[in-house]
Structures are given as structure tokens and as C-alpha cells.
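One letter stands for each residue in the lines below.
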Amino acid sequence: MCDFPFIATVIVPIYNSEKFLDKCISSLINQSADFSKIEVLLINDGSTDSSESICRKYSDKYENIKLISKENEGLSITRNRGLSLAKGKYIFFLDSDDTLREDTIDSVVNFFETVYDKVDLVTYRITQYYNGKPKLVHYRYKTLVKSGIYDLSDPKNAFITQTNINICVKNRGENNILFDSTENFKHEDEKYCCDILKEKMKIGFCSDGEYIYNRNNEQSIVASAFLPDIIFESSMEFYEKLFADFNYKVPPYFQGIVFNDLRWKLKENKLLPTKGGEQYLRYSQERVDNLLMRIDADIIINHPTVNKEHIFYWLSRKPNCSPAVFTFSDKVCIVADGKILYSAKSFTAKTDSDIAVVKSPIFFFLRNSQYKIELICGEKVTVVNACSADVNSIPACAEFHLPDNVDEFNESYLTINSQRYKLILK
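Note that the coordinates shown come from a computational prediction; the quantities given were computed from them, not determined experimentally.

J.: Looking at this structure, I do not really get the pattern of salt bridges. What am I missing?
T.: Where charged atoms of side chains with opposite charge meet at close range, the side chains can pair. In this structure the tally under the stated criterion is 27 salt bridges. Of the charged contacts, one joins D95 and R79 as a salt bridge, the two residues approaching to 3.1 Å between their closest N and O atoms. Taken together, the residues span a long stretch of sequence, with D95 in the loop between β4 (88-93) and β5 (99-100) and R79 in helix α3 (residues 75-85) at a distance of 16 residues. Here D95 and R79 have matching classes, each one buried. The network of salt bridges with shared partners includes D120, K170, R172, E199 and K200.

J.: Got a minute to help me understand the sheet that holds strand β12 (residues 332-336) in this structure?
T.: Backbone hydrogen bonds hold the strands of a sheet together, and the pairing may be parallel or antiparallel. With respect to topology, three strands assemble into an open sheet ordered β11-β12-β13, the strand pairing being antiparallel. Edge positions in the sheet fall to β11 (324-327) and β13 (339-344), since each of these pairs with one other strand and no more. Taken over all neighbouring pairs, the strand axes of this sheet differ in orientation by 30 degrees on average, direction set aside. Where β11 and β12 come together, four bridges link them in antiparallel fashion. If you follow F326 over to β12, its bridge partner there is C333.

J.: Whenever I open this one, the confidence of the model for the chain confuses me. Can you help?
T.: When pLDDT drops low, the exact placement of atoms in the prediction is not to be read closely. Mean pLDDT over the chain stands at 92; residues scoring 70 or higher make up 96%. Throughout residues 220-224 the model reports pLDDT below 50, and contacts reaching past four residues in sequence, or to other chains, amount to 11 contacts.

J.: How do you make sense of the pairing of strand β19 (residues 411-416) when you look at a structure like this?
T.: Residues in a regular strand point their side chains to alternate faces of the sheet. In terms of burial, β19 is largely enclosed, as five of its six residues are buried. Both strand β16 (residues 371-377) and β19 contribute to a ladder of six bridges, which runs antiparallel. Residue pairing across strands places K372 opposite T415, the latter belonging to β19. Pairing of β19 with strand β20 (residues 419-425), which is carried by four bridges, proceeds in the antiparallel orientation. Its bridge partner being in β20, L414 is matched across the sheet by Y421. Joining the antiparallel neighbours β19 and β20 is a turn of two residues, in which N417 adopts a positive phi near 50 degrees.

J.: When you look at the nonpolar core in this model, what are you seeing that I'm missing?
T.: A general trend in soluble globular proteins is that nonpolar side chains are found buried together. The biggest cluster of nonpolar side chains holds 130 residues, and the ones touching the most others in it are F93, I105, W314, L315, F347 and I362. The element that contributes the greatest number of residues to this core is helix α7 (residues 252-267), accounting for seven residues. Among all residues touching I362, those that are not within four sequence positions of it are V325, V332, I334, Y342, F347 and I416.

J.: I would appreciate a short explanation of the state of the cysteines in the present structure.
T.: Covalently bonding the sulfur atom of one cysteine to the sulfur atom of another cysteine gives a disulfide. Overall, the coordinates contain zero disulfides when judged by the stated rule. With no disulfide of its own, C194 lies closest to C193 among cysteine sulfurs, the gap being 7.1 Å. Its relative accessible area of 0% is what places C194 among the buried residues.

J.: What is the right way to look at the side chain of S47 in this model?
T.: If you trace the backbone, S47 turns up in the loop between β2 (38-45) and α2 (51-61). There is a polar contact of 2.8 Å between the side chain of S47 and the backbone nitrogen of N16. Once you skip the residues sitting within four places of it in the chain, S47 turns out to touch I14, Y15 and N16.

J.: Would you mind going over the side chain of T123 with me for this structure?
T.: Looking at the secondary structure, you find T123 in strand β6 (residues 121-130). Looking at T123, its side chain comes within polar contact range of the side chain of Q162, at 2.7 Å. With near-sequence residues (within four places) excluded, T123 lies in contact with L144, Q162, N166, I167, I203, G204, F205 and C206.

J.: Is there a simple way to think about the environment of K200 in this case?
T.: Here K200 is to be found in helix α5 (residues 188-200). Each C-alpha atom of the pair K200 and Q162 lies 15 Å from the other, and the pair is 38 residues apart in sequence. When neighbours within four sequence positions are excluded, K200 is seen to be in contact with D117, K118, V119, D120 and K170. A distance of 2.9 Å separates polar atoms of two side chains, one belonging to K200 and the other to D120.

J.: Where do I start with unusual backbone geometry in this structure?
T.: Where the residue is not glycine, phi is negative for most of them; where a peptide bond is considered, it is trans in most cases. Even without being a glycine, N269 presents a positive backbone phi close to 60 degrees. In this fold, N269 is placed in the loop between α7 and α8 (277-293). N269 gets classed as exposed once you look at its relative accessible area, which sits at 68%. Positive phi values are uncommon outside glycine, yet S418 reaches one of about 75 degrees. Within the fold, S418 resides in the loop between β19 and β20.

Cut-off values and rules
Residues numbered from 1 in each chain as written. Predicted model: local features only at pLDDT ≥ 70, side-chain atom pairs only at ≥ 80, totals over all residues. Heavy atoms only, no water. Salt bridge = Lys/Arg side-chain N within 4 Å of Asp/Glu carboxyl O. Helix = DSSP H or I, 4+ residues; strand = E, 2+ residues; numbered from the N terminus. Buried < 20%, exposed > 50% of the residue type's maximum accessible area, 1.4 Å probe, protein only. Pairing = 2+ DSSP bridges. Axes fitted to C-alpha atoms, helices over the stretch in contact; angles between N-to-C directions. pLDDT = per-residue confidence, 0-100. Contact = heavy atoms within 4.5 Å. Core = buried A, V, L, I, M, F, W, Y, C linked by side-chain atoms within 4.5 Å. Disulfide = S-S within 2.5 Å. Polar contact = N/O pair within 3.5 Å; in protein donor to acceptor, adjacent residues only side chain to side chain.

This is the structure:
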């Protein structure tokens, strides 16, 4: 560490954070590591509140706390300014409304020293807090359990998805990788991590320390609406360029990164643009489908937070995946790659007036001509064909026009490829 005057630099971008700054900066001053060996860069991004004066109070008191004030340019440019000035061997990032647990810098630096030649980025636990209480633990910590090095080419590590800045990186000086400052690009943390991780395809994890993510502040420098009409193009360009870096097979980790973004945007109805007309919508859907072609079915099926209905939606969209519906005397199944992903022995139809709607993922993978409703009264059988099917809804559904005398029938079946399954009309 003789080439660096500090063991670590902490870059803190600041914009109108007066309510949180004292707690944020105090969490750095109170680190268990020798604070005199930690450089703190407080970079004021054109705040209009009292943030600058609060920062100056600390920079006047501590030689290793430095205040840099500039015009408002956004989060990425602000962090990049810090990267250009950092004099610590290791670099941490801390948003001005968040804090670090007191053992974080000491623990992470000591761990990084043991793996320095093997990884370029070390992550540590991040926990969301709301009103001072832990709110959510990320699913990545089902994989990241013990301190060590994790191979990002290994499928079992596909869902680490390092998308936040609870990281520590090497200070490469003029060769530091920078944050993407493209306008309307909202995945800057994620892309920054990907850009660093691609070189060695390994990530370090330190099980000690904690990044305390404050969810109370919805107006922070990183709080912004992920509106699809604004972010779709820049997001897709990021995904497409990321995949283009790999000629043949995209490593499971990066498949997981992209699919994770697609799945949460679908869930929040923020995946596809709503403006631009039908032609642009089809073009946008094709771009998503082209990404899905390079994402393994197992990534979709095994993702820890995707529910069954969404799994089948994504598989139906994936051009090079062919789930099939198999009908047996006692059940109907969806099968992909030799695995049974879904099975049902009976179905339920919700009726409203003369319309019956049956919801099931099987309709993602069937043509209208492959199924029908059969209503039975004694020896009389009335066949009702599907009048429409909506495979864009989740789950997919089929709609049937029922006859006026439907109450006269004592049995009803959904018949799929000539096999009958009990249908309950409600």
C-alpha cells in the first residue's frame, strides 16, 4: 500500500441530502478502521439546500474529508469525478442518504488483501431499511453465504446479480472504469459492476460489513421513475451490447443479470414502451425476444423470484424454446427439456353471463383448435369452441360463449387433444 496515502477512498455523491448527511458522514468517521487512513470525498452535485454547508463543517474539521462542489450534472458524472480524484488503494461508494456499518471498511479491505490478484471487485451485504428496521434481504444471499471467490461462469452463481454499489473496487488511477453517463440510462450501478466483472469473471464476497440502504428517502439522488418510454432504448442498448461481448454462449451470470431486469420490469408493467405505435411495439417485442434467445431456459425456470405464471409467459416468448403440452388420461402437463413444469387434473372456469373464462398456462402453448368445452346432459353432448384466447395475459386464458341453457347440463369438461378434464363452472 506504499503507493497510496490512504487504504480506502469513500466516494459520496450529494444532492439535496441535508436530512441524512450527518448520519451518513458519521458512519464513516466511526468506522473501526483507522479513520485517518480513509479518504472521504464529499462531492456536492449542485445542491440547493444546506448540504454544502453541512459538508464544509466536516471538511474543515478533518483533513481526510474533502469537499468538492460543482454544478448539477447527475449521479454518474459525480461519481466519475470522485474516481478521478481518489487516492485510496481501494474505492467504496456510499450514497448520501445511506450508511455503512462500523466494521465494513476494515472487514472488506482485509478480505480484499487476501484475494487481490484473483478479483477486481468485492461485494458485501446490502440490507434495505425502512423506519430503522430491515425490510428486505436480497435473494443473492442464498448464494453468497461465506466469504470467498465466486465463479461467474458457474450456473449455480447465476443469480448473484450485483446491481448495487455495495462494492469495493481497486483504484487503477487513470485506468479506472467509469460509470455510464448516458442520458436517461438508469442502470449505471449495474453496468459499472458488469464492466469490471467481465475481465476476470469472478466476484469476491466478504460476509462481514453491511451497506445500510435507507428506503425512507424517495427523493434521493438515485430515486427516479423507471418509465419504459424513457428508459427502454438505453436499457436495451445496454443488454444488447453486454450480450454482444460474448460470441457464442453468454455466461450464466450475465444471463441472470439481464433476465432479472426483464422479469421485474414485466412484473411492474415497465418492460415495453407504451408510445410509438404498433410497429414500434412489435419491434420492441422482437428485441426482447432476441435477448431471450440467448438466455437458457433454466435461468428462467430457476429464477428465485419468478412465479409460475410468469415462467410460462417467458418460455412462450423465447423463440428457441419449445415447451409442449402432453395430455394423459389423468392429467395434462407442460414439458420442456424432458422436465414436467406444470400439471393439472382439472380446471375452473369463471362465468359471467354467457362467458366462461379458463385461466391456465397451457394456453400459451396451444392453438384454439386443440381445446374445447364439452357440456353433458345424459347422452347429449354440447361442444363449445373457444371464441378467443389471450396469451399476453398472465396467466394465459381462453374464453368461451356458453349456451343459454348451460344450467341444464350436469357435467362439464375441458377437452384438450381429445382428452377430457373435469371443468368446474363458477
